[in-house]
Amino acid sequence: MVDTTAGPIAPRRRTSFPFWAQVLAGLALGLILGGIARAFDLGWLTETLTQIGSIFVSLLRVTVVPLIFTAIVASIANLRQVRNAARLAGQTLLWFMITSLIAVVIGIVLGLVTNPGANSGLTPEGASYEGGSGSWLDFLSGLVPANIFGLTADTSVGDDGASTSLNFSVLQLVVIAAVIGIAALKVGEKAEPFLEFNRSALEIVQKVLWWIIRLAPLGTLGLIGKAVATYGWDLLGPLTVFTIDVYVGCAIVLFGVYAVLARVHGLSAGKFFSGAWPAIQLAFVSRSSVGTMPLTRQVTIRNLGVPESYASFAVPFGATTKMDGCAAIYPALAAITVAQIFGIPLGVKEYLLIAFVSVIGSAATAGLTGAIVMLTLTLSTLGLPLEGVGLLIAIDPILDMMRTATNVAGQALVPTLVAKREGILDEAAYNAPRVDLVNEPEPERAEQPVPA
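About the thresholds
Residues numbered from 1 in each chain as written. Predicted model: local features only at pLDDT ≥ 70, side-chain atom pairs only at ≥ 80, totals over all residues. Heavy atoms only, no water. Helix = DSSP H or I, 4+ residues; strand = E, 2+ residues; numbered from the N terminus. Buried < 20%, exposed > 50% of the residue type's maximum accessible area, 1.4 Å probe, protein only. Contact = heavy atoms within 4.5 Å. Areas by Shrake-Rupley, 256 points an atom, 1.4 Å probe, with all protein chains shown as cover. Core = buried A, V, L, I, M, F, W, Y, C linked by side-chain atoms within 4.5 Å. Salt bridge = Lys/Arg side-chain N within 4 Å of Asp/Glu carboxyl O. Polar contact = N/O pair within 3.5 Å; in protein donor to acceptor, adjacent residues only side chain to side chain. Expected span 1.5 Å × (residues − 1). Axes fitted to C-alpha atoms, helices over the stretch in contact; angles between N-to-C directions. Parallel < 35°, antiparallel > 145°, perpendicular 65-115°, else oblique. Left-handed = near helix turned anticlockwise from the far one by under 90°. Nonpolar A, V, L, I, M, F, W, Y, C, P; charged D, E, K, R; others polar. Patch = residues over 30% accessible without salt bridge, like charges linked within 9 Å, V, L, I, M, F, W, Y side chains within 5 Å. Phe/Tyr/Trp six-rings, centres within 6.5 Å; stacked < 30°, edge-to-face > 60°. Lys NZ or Arg CZ within 6 Å of the ring centre and 35° of its normal. pLDDT = per-residue confidence, 0-100.

### Overview of the overall build of the chain
Next up, step 1: Along the chain, the regular secondary structure elements total 17 helices and 2 strands.
Next up, step 2: Across the 452 residues in the chain, those meeting the buried criterion constitute 54%.
Next up, step 3: Considering only contacts in the chain between residues 6 or more positions apart, those separated by 24 or more positions represent 85%.
Next up, step 4: Carbon together with sulfur atoms contributes 66% to the accessible area of the chain, which is approximately 19,100 Å² in total.

### Notes on the nonpolar core
Next up, step 1: The biggest cluster of nonpolar side chains holds 82 residues, and the ones touching the most others in it are Phe242, Phe272, Tyr310, Tyr330, Ile354 and Leu392.
Next up, step 2: Apart from residues lying up to four places away in sequence, Leu392 is in contact with Leu239, Phe242, Tyr330, Ala334, Thr337, Val338 and Leu375.

### Quick word on the pattern of salt bridges
Next up, step 1: Enumeration according to the criterion identifies 8 salt bridges in this entry.
Next up, step 2: For Glu192, the salt bridge is made with Arg199, and the minimal N-O distance between the two is 2.6 Å. Here Glu192 matches Arg199 in class, with each residue buried.
Next up, step 3: Taking the shortest distance from any N to any O, the salt bridge between Glu308 and Arg297 comes out at 2.9 Å. With a gap of 11 residues between them, Glu308 in helix H11 (residues 308–321) and Arg297 in helix H10 (residues 289–302) connect regions that are remote in the sequence. Taken individually, Glu308 and Arg297 each receive the classification buried, so the pair is uniform in this respect.
Next up, step 4: Here the residues in one salt-bridge network are Glu192, Glu196 and Arg199, joined through shared partners.

### Looking at the side chain of Lys322
Next up, step 1: Take Lys322: it is sitting in the loop between H11 and helix H12 (325–341).
Next up, step 2: There is a polar contact of 2.8 Å between the side chain of Lys322 and the side chain of Asp324.

### Looking at helix H16 (residues 396–421)
Since the α-helix turns once every 3.6 residues, residues separated by three or four places project in the same direction.
Next up, step 1: Over its 26 residues, H16 runs 37 Å from end to end, which matches the ideal 38 Å to within 8%, given 1.5 Å per residue.
Next up, step 2: When you tally the buried positions in H16, you get 24 out of 26 residues, the bulk of the element.
Next up, step 3: Of the residues trailing H16, Gly423 is marked for its positive phi of about 75°.

### Re the packing of helix H3 (residues 85–114) against H12
Next up, step 1: It is at 7 Å that the axes of H3 and H12 come closest, and there the two elements cross at 30°. In terms of orientation, H3 lies roughly parallel with respect to H12. Handedness of the crossing formed by H3 with H12: right-handed. Across the interface between the two elements, Ser100, Ala103, Val104, Gly107, Ile108, Leu110, Gly111 and Leu112 from H3 touch Ala328, Ile329, Ala332, Leu333, Ile336 and Gln340 from H12.
Next up, step 2: Here the contact of H3 with H12 is built from residues that sort into 10 nonpolar, 4 polar and no charged.

### Here we look at the packing of H3 against helix H8 (residues 240–264)
Next up, step 1: Orientation of H3 relative to H8, taken along the N-to-C sense of each, is 140°, at an axis distance of 10 Å. Relative to H8, the element H3 lies oblique. Between H3 and H8 lies a crossing of right-handed hand. Of the residues in H8, those touching H3 at Trp95, Thr99, Ile102, Ala103, Ile106, Leu110 and Thr114 are Val241, Asp245, Val248, Gly249, Ile252, Val253, Val257 and Leu261.
Next up, step 2: Split by residue class, the contact of H3 with H8 holds 11 nonpolar, 3 polar and 1 charged.

### Quick notes on a nonpolar patch on the surface
Next up, step 1: Side chains of Leu29, Ile32, Ile36 and Phe40 sit close together on the surface and give an oily, nonpolar patch of about 390 Å² of accessible area.
Next up, step 2: For Leu29, the position within the fold is in helix H1 (residues 19–39).
Next up, step 3: Its relative accessible area of 41% is what places Leu29 among the partly exposed residues.

### Focus: the packing of aromatic side chains
Next up, step 1: Following the criterion strictly, the structure yields 3 aromatic pairs and no others.
Next up, step 2: Taking the centre distance of 6.0 Å and the plane angle of 55° together, the rings of Phe242 and Tyr330 count as tilted. Of the two residues, Phe242 is situated in helix H8 and Tyr330 in helix H12; the sequence distance between them amounts to 88 residues. The burial state of Phe242 is the same as that of Tyr330; both residues are buried.
Next up, step 3: An angle of 65° between the planes, with centres 5.3 Å apart, marks the rings of Phe272 and Phe273 as edge-to-face.
Next up, step 4: On the basis of relative accessibility, which here comes to 1%, the residue Phe272 falls in the buried class.
Next up, step 5: Of the aromatic side chains, those joined through ring pairs into one cluster are Phe255, Phe272 and Phe273.
Next up, step 6: We note Arg403 situated over the ring of Tyr330; from NZ or CZ to the ring centre the distance is 4.3 Å.

### Let's talk about the environment of Thr404
Next up, step 1: When you line up the elements, Thr404 lands in helix H16.
Next up, step 2: As for Thr404 and Ser289, which are separated by 115 residues in sequence, their C-alpha atoms are 6.2 Å apart.
Next up, step 3: Once residues lying within four places of it in the same chain are set aside, the contact partners of Thr404 are Ala283, Arg287, Ser288 and Ser289.

### With respect to the side chain of Ser289
Next up, step 1: Secondary-structure assignment places Ser289 in helix H10.
Next up, step 2: Residues within four places of Ser289 in sequence aside, it is in contact with Ala319, Thr404, Asn407, Val408 and Gln411.

### A short note on the confidence of the model for the chain
Next up, step 1: Counting all residues, the mean pLDDT for the chain is 79, and 76% of those residues have values of 70 or more.
Next up, step 2: Per-element averaging of pLDDT across the chain places helix H4 (residues 138–143) at the bottom with 58 and H8 at the top with 94.
Next up, step 3: Between residues 1–14, whose pLDDT stays under 50, and residues either more than four places distant or in other chains, the model counts 39 contacts.
Next up, step 4: Note on residues 128–134: pLDDT under 50 across the span, and 15 contacts to partners over four residues away in sequence or across chains.

Next up, the structure:
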């Protein structure tokens with residue numbers, strides 16, 4: 001049987017320029033190049049930065065499909081002797097909801113204190129939105145696979161004719177992989193060749209993944225440079241208070257609430273952030289929880305000490321449904337802002353509805369375009385005009401960086417807390433000195449068994 005606990009990194013010579021420093025250098029250079037491109041209107045430089053960032057994100061997403069499938073099937077095979085898998089899933093979902101509730105309350109309080117809509121100077125005139133609205137039925141349609149690949153197609157017709165884009169539904173892939181993994185266990189010995197092949201495929205996928213992640217400094221340069229060159233700070237204008245609220249709210253959750261939860265569970269907050277930081281950092285510049293998911297899974301296992309068999313479930317599940325930034329803080333602040341711009345008073349019932357949608361409704365956006373779908377779902381539930389989306393969507397790329405970083409931090413924290421509560425967390429790995437996750441091999445550690 002192939003040992004998947006040691007990770008795919010082969011021993012190599014120690015580097016004098018650690019990976020985190022390489023990423024920070026890429027970020028700094030991206031800021032400089034983006035500023036130059038914007039100041040001197042250098043279209044070719046903006047396009048170059050855009051292409052570099054887009055290629056990096058595309059490469060990350062290429063690994064998501066095979067990683068999710070092979071990791072979940074392998075983790076189910078590892079749980080064949082475990083009786084408490086249902087309890088782990090229930091605890092994970094419970095803590096997803098608890099942290100989402102805390103985040104949405106923070107968002108509501110910030111909105112009530114700062115009045116971002118009333119202070120914006122914006123009016124309903126000229127507001128428009130041509131997209132669709134989120135639906136509670138999206139959860140069911142996103143959960144049931146349309147085909148064995150979890151593949152969906154979107155066709156649009158323009159002046160140049162029709163074009164079709166293909167997308168993988170992460171939630172559907174999770175369902176497909178779980179069903180196939182459970183079926184393989186039920187088949188028994190006859191399925192062992194398939195499970196052995198799956199374990200080998202997982203090793204290969206992880207090796208490819210680390211090759212891609214080593215390109216993160218270059219990807220960071222392109223992504224942050226494109227953001228500065230394209231958007232700058234010109235879009236903030238009248239929505240400055242709203243933008244600050246989103247960043248402050250996310251920072252309170254990320255560095256305050258998460259730190260307190262770690263300490264309450266007897267864990268060092270500093271060790272959590274040092275362990276999860278590679279994924280948080282990548283999430284900020286890539287603006288993609290799904291694209292960051294492979295790295296989130298690795299830091300959760302290798303730095304935070306969560307058993308691989310459990311993390312392989314919890315992290316993909318969290319990447320589709322655990323969004324404290326996009327699905328809790330942001331829609332709460334956005335709903336208050338839109339209501340104030342349109343002069344619509346909100347009462348206790350409306351605030352309770354905001355909390356309900358944020359805690360329960362994030363599952364309805366699984367596999368969809370996160371924040372925008374969540375915002376339209378919230379506005380629709382409250383009966384607020386969807387035209388408000390058109391007022392806020394222009395600055396969405398700037399907000400999305402901090403929202404996604406908060407999302408990914410929560411996706412790493414909850415499995416860590418649940419593992420600690422269930423007595424399966426490898427605290428020696430959690431408290432160990434950090435190594436350069438990409439450029440340094442980490443000492444092997446045995447998978448800590450999940451108690452029956």
